[in-house]
Amino acid sequence: SNGRSASPLLDLLLGAHSELWTVGEAQHLPLWVRRKDVCGCGETLVACEFWKPMLADIPLTGQVAPLELFRETGQGRVLRWGLLGALRRGRVPEKHMASARSYGALNHTYFSMVRAAAEKCSGNKVRFLVDASKDPYRLLWLAASDCFDLHVIHLVKDPRAFVYSMTGSEDRPRRRVVRFTARWIIENALMHRLVKRAFSGRSKTILYEDLASDPNGVMAKIGAWLGIEYTPEIVGAFRQVENHAVSGNKMRWSDAPIVLDERWK
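One structure accompanies this document, and this report is about it. Because the structure is predicted, anything quoted here is derived from the model rather than measured. (Residues numbered from 1 in each chain as written. Predicted model: local features only at pLDDT ≥ 70, side-chain atom pairs only at ≥ 80, totals over all residues. Heavy atoms only, no water.)

**With respect to a positive patch on the surface**
Together, Arg-88, Arg-89, Arg-91, Lys-196 and Arg-197 give the surface a local cluster of positive charge. Those elements giving two or more residues to the positive patch turn out to be helix H4 (84-89) and helix H8 (174-198). With respect to the helices and strands, Arg-197 occurs in helix H8. Taking relative accessible area as the criterion, Arg-197 reaches 47% and is therefore assigned partly exposed. (Patch = residues over 30% accessible without salt bridge, like charges linked within 9 Å, V, L, I, M, F, W, Y side chains within 5 Å. Areas by Shrake-Rupley, 256 points an atom, 1.4 Å probe, with all protein chains shown as cover. Salt bridge = Lys/Arg side-chain N within 4 Å of Asp/Glu carboxyl O. Lys, Arg positive; Asp, Glu negative; His and termini not counted. Charge placed at Lys NZ, Arg CZ, Asp CG, Glu CD. Helix = DSSP H or I, 4+ residues; strand = E, 2+ residues; numbered from the N terminus. Buried < 20%, exposed > 50% of the residue type's maximum accessible area, 1.4 Å probe, protein only.)

**Thoughts on the nonpolar core**
The tendency in soluble globular proteins is for nonpolar side chains to be buried side by side. Membership of the largest hydrophobic core comes to 25 residues, with the highest contact counts inside it found for Leu-29, Leu-45, Phe-50, Trp-51, Ile-58, Tyr-110 and Val-114. When contributions to this core are tallied by element, the ones reaching two or more residues are strand E1 (20-24), helix H2 (29-35), helix H3 (52-55) and helix H5 (97-122). If you tally residues by element for this core, the top one is H5, at 6 residues. If we skip the residues at most four places from it in the chain, Leu-45 touches Leu-29, Trp-32, Val-33, Asp-37, Cys-39, Trp-51, Lys-52, Leu-55 and Val-246. Core analysis: the second largest hydrophobic core is formed by 23 residues, Leu-10, Ile-206, Ile-228 and Tyr-230 among them. (Core = buried A, V, L, I, M, F, W, Y, C linked by side-chain atoms within 4.5 Å. Contact = heavy atoms within 4.5 Å.)

**Some thoughts on helix H10 (residues 215-226)**
Compared with the 16 Å implied by 1.5 Å per residue over 12 residues, the 16 Å span of H10 between its first and last C-alpha is a close match. What H10 keeps buried is the set Pro-215, Val-218, Met-219, Ile-222, Gly-223 and Leu-226. One side of H10 carries all its buried residues, which in axial view fall inside an arc of 140°. For H10, exposure combined with an orientation more than 90 degrees from the buried face picks out Lys-221 and Ala-224. Looking one or two places after H10, you find Gly-227, whose phi comes out positive at around 85°. (Expected span 1.5 Å × (residues − 1). Arc of directions from axis to C-beta.)

**Let's talk about helix H6 (residues 136-145)**
Counting buried positions along H6 gives 8 out of 10 residues, so the element sits mostly inside the fold. When H6 is considered as a whole, its buried residues turn out to be Pro-136, Tyr-137, Arg-138, Leu-139, Leu-140, Trp-141, Leu-142 and Ser-145. Residues of H6 that are buried sit in contact with H4, H5, strand E2 (128-131), strand E3 (152-156) and H8. By the N-cap criterion, in which a side-chain oxygen at the helix start approaches the backbone nitrogen of a residue two or three places on, H6 is capped by Asp-135, the distance to Tyr-137 being 2.8 Å. Immediately beyond the C-terminal end of H6, within one or two residues, lies Asp-146, with a positive phi of roughly 65°. (Polar contact = N/O pair within 3.5 Å; in protein donor to acceptor, adjacent residues only side chain to side chain.)

**Remarks on the packing of aromatic side chains**
Considering all chains together, one arrives at 9 aromatic pairs under this definition. Seen from their ring centres, Trp-51 and Tyr-110 are 6.4 Å apart, and the 50° between their planes marks the pair as tilted. In this pair, Trp-51 is assigned in the loop between H2 and H3 and Tyr-110 in helix H5, connecting sequence segments 59 residues apart. Taking the relative accessible area as the measure of exposure, Tyr-110 reaches 0% and is therefore buried. Here the aromatic residues Trp-21, Phe-50, Trp-51, Tyr-110, Phe-111 and Phe-148 are joined through ring pairs into a cluster of three or more. For the cation-ring pair, Lys-157 lies above Tyr-208, with the distance from its terminal atom to the ring centre recorded as 5.0 Å. (Phe/Tyr/Trp six-rings, centres within 6.5 Å; stacked < 30°, edge-to-face > 60°. Lys NZ or Arg CZ within 6 Å of the ring centre and 35° of its normal.)

Okay, structure coming up:
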């Protein structure tokens, strides 16, 4: 999704199911470790009892294609001119395949360790790991590596709500409105094209407005798509489930109920 599209909410709702475990924005792990940022549990990653035993063994840097390859400064670039053609075609060009395979292998090591730790921590078999990284370039390279069975959710927020969120509550200069309108159009066009080309039959588009208005109904549909059952009890208890997600906004620690945000109106 774009940023500010409520992906942390969907992330938490997915992670509430006993057969799913959320990693949060997985590619931010090296940055969060360096900055000593806070895990979903409230502890810093370097002090978190879930992450601490793994950090020494997850290869964070020094790789051909490191974990933060597409998040070099914590922010992703919408337009990477040398890779746009690959997104449009839904496949990585041969000249980048070695890096994509290395990137996939690194992430496979990372996710395998997380899955084993999650099963030990929760006592449940984890069928799906949830990565909320949101970056289409990362998604394409993970797919090209052939290391994963990927199911993709494209989360879309009303463009007016997105622009309102990105421009803040102060007077909105026209250039900022135009800038973020263009960003919404470009990002969602790229994501839609990638999903259509590379993930036919393995993707689902979810509207934020539907998720916030009817979380039980939307999560039941996602569950049916994944082959698991989402009950209203699971959705209702989503804030009580143990969470060790990396990155995401402050709503991760809120106890507020799910409410459709239409302040843009």
